[in-house]
Amino acid sequence: MSKKERNIQIIENEKMVNGDLVLELTIQDEVIGSVKQDGMRYIAVLSNGEELKLNSRNEAVDYLLRDYHLHRG
């Protein structure tokens, strides 16, 4: 038996935190993580505080979505 496919709306909020632009991803008022720039790289920060440095903003967003889908989705 296969699972029924469901659509999830992801909201991207850009905000300034300590002078840095941070992209925050939320699903139904639950923050799944954020992305901030660090020089030429991007840091993906999960909701549990775990961080990972990646080469692009898209890679960081994909990482957050994969983590959400794997552990909480």
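So, here's what we can say about the structure. Note on numbering: residues in each chain are counted from 1, in written sequence order. Given that the model is predicted, a residue must reach a pLDDT of at least 70 before its local features are reported, and side-chain atom pairs must reach 80 or more before they are shown or counted; all residues, however, enter totals for whole chains, interfaces and linings. Hydrogens and water molecules were not included; the side-chain quantities draw on all heavy atoms of the structure.

## Some words on the nonpolar core
Phase 1: Working definition of a nonpolar core: buried Ala, Val, Leu, Ile, Met, Phe, Trp, Tyr and Cys residues. They are joined through side-chain atoms within 4.5 Å. Note on exposure labels: buried denotes an accessible area under 20% of the residue type's maximum, exposed denotes more than 50%, and partly exposed covers the range between, all computed with a 1.4 Å probe on protein chains only. Counting residues in hydrophobic clusters, the biggest one holds 14 residues, and the most contacted among them are Leu 25, Val 35, Ala 44, Ala 60, Tyr 63 and Leu 64.
Phase 2: Runs of H or I in DSSP of at least four residues are treated as helices and runs of E of at least two as strands, each being numbered from the N terminus. Mapped by element, the contributors of at least two residues to this core are strand 2 (20–27), strand 3 (30–38), strand 4 (41–46) and helix 1 (57–71).
Phase 3: Of all the elements, helix 1 adds the most residues to this core, at five residues.
Phase 4: Residue contacts are defined here by distance: any two heavy atoms, one from each residue, within 4.5 Å place the two residues in contact. If we skip the residues at most four places from it in the chain, Leu 64 touches Leu 25, Ile 32, Gly 33, Ser 34, Val 35, Ala 44, Val 45 and Leu 46.

## Looking at the sheet that holds strand 5 (residues 51–54)
Strands pair in a sheet through their backbones, by hydrogen bonds, and they do so in one of two ways: parallel or antiparallel.
Phase 1: Taken together, five strands build an open sheet; the order of strands is 1-2-3-4-5 and the sheet is antiparallel. Looking at the sheet topology across the chains shown, the edges are occupied by strand 1 (11–17) and strand 5. Within this sheet the neighbouring strands show an average axis-to-axis angle of 25°, counted without direction.
Phase 2: Helix 1 contacts strand 1, strand 2, strand 3, strand 4 and strand 5 of the sheet and is inclined by roughly 155° relative to strand 3. By this definition, two strands are paired if DSSP reports at least two bridges between them. Axes, fitted as lines to C-alpha atoms, cover a helix only where it is in contact. Angles between the N-to-C directions of the axes lie from 0 to 180 degrees.

## Observations concerning the environment of Glu 12
Phase 1: Looking at the secondary structure, you find Glu 12 in strand 1.
Phase 2: In contact with Glu 12, not counting residues within four places along its chain, are Leu 23, Glu 24, Leu 25 and Arg 57.

## What to know about the pairing of strand 4
Phase 1: Burial runs high along strand 4: five of the six residues are buried.
Phase 2: Looking at chain direction, strand 3 and strand 4 are connected through six bridges and run antiparallel. Its bridge partner lying in strand 4, Lys 36 is registered against Ile 43.
Phase 3: The antiparallel hairpin formed by strand 3 and strand 4 contains two residues in its connecting segment, where Gly 39 sits at a positive phi of about 70°.
Phase 4: Strand direction decides the pairing type here: strand 4 and strand 5, joined by four bridges, are antiparallel. Within the sheet, the bridge partner assigned to Ala 44 lies in strand 5 and is Leu 52.
Phase 5: Connecting the antiparallel pair strand 4 and strand 5 is a turn made up of four residues, with Gly 49 showing a positive phi of about 100°.

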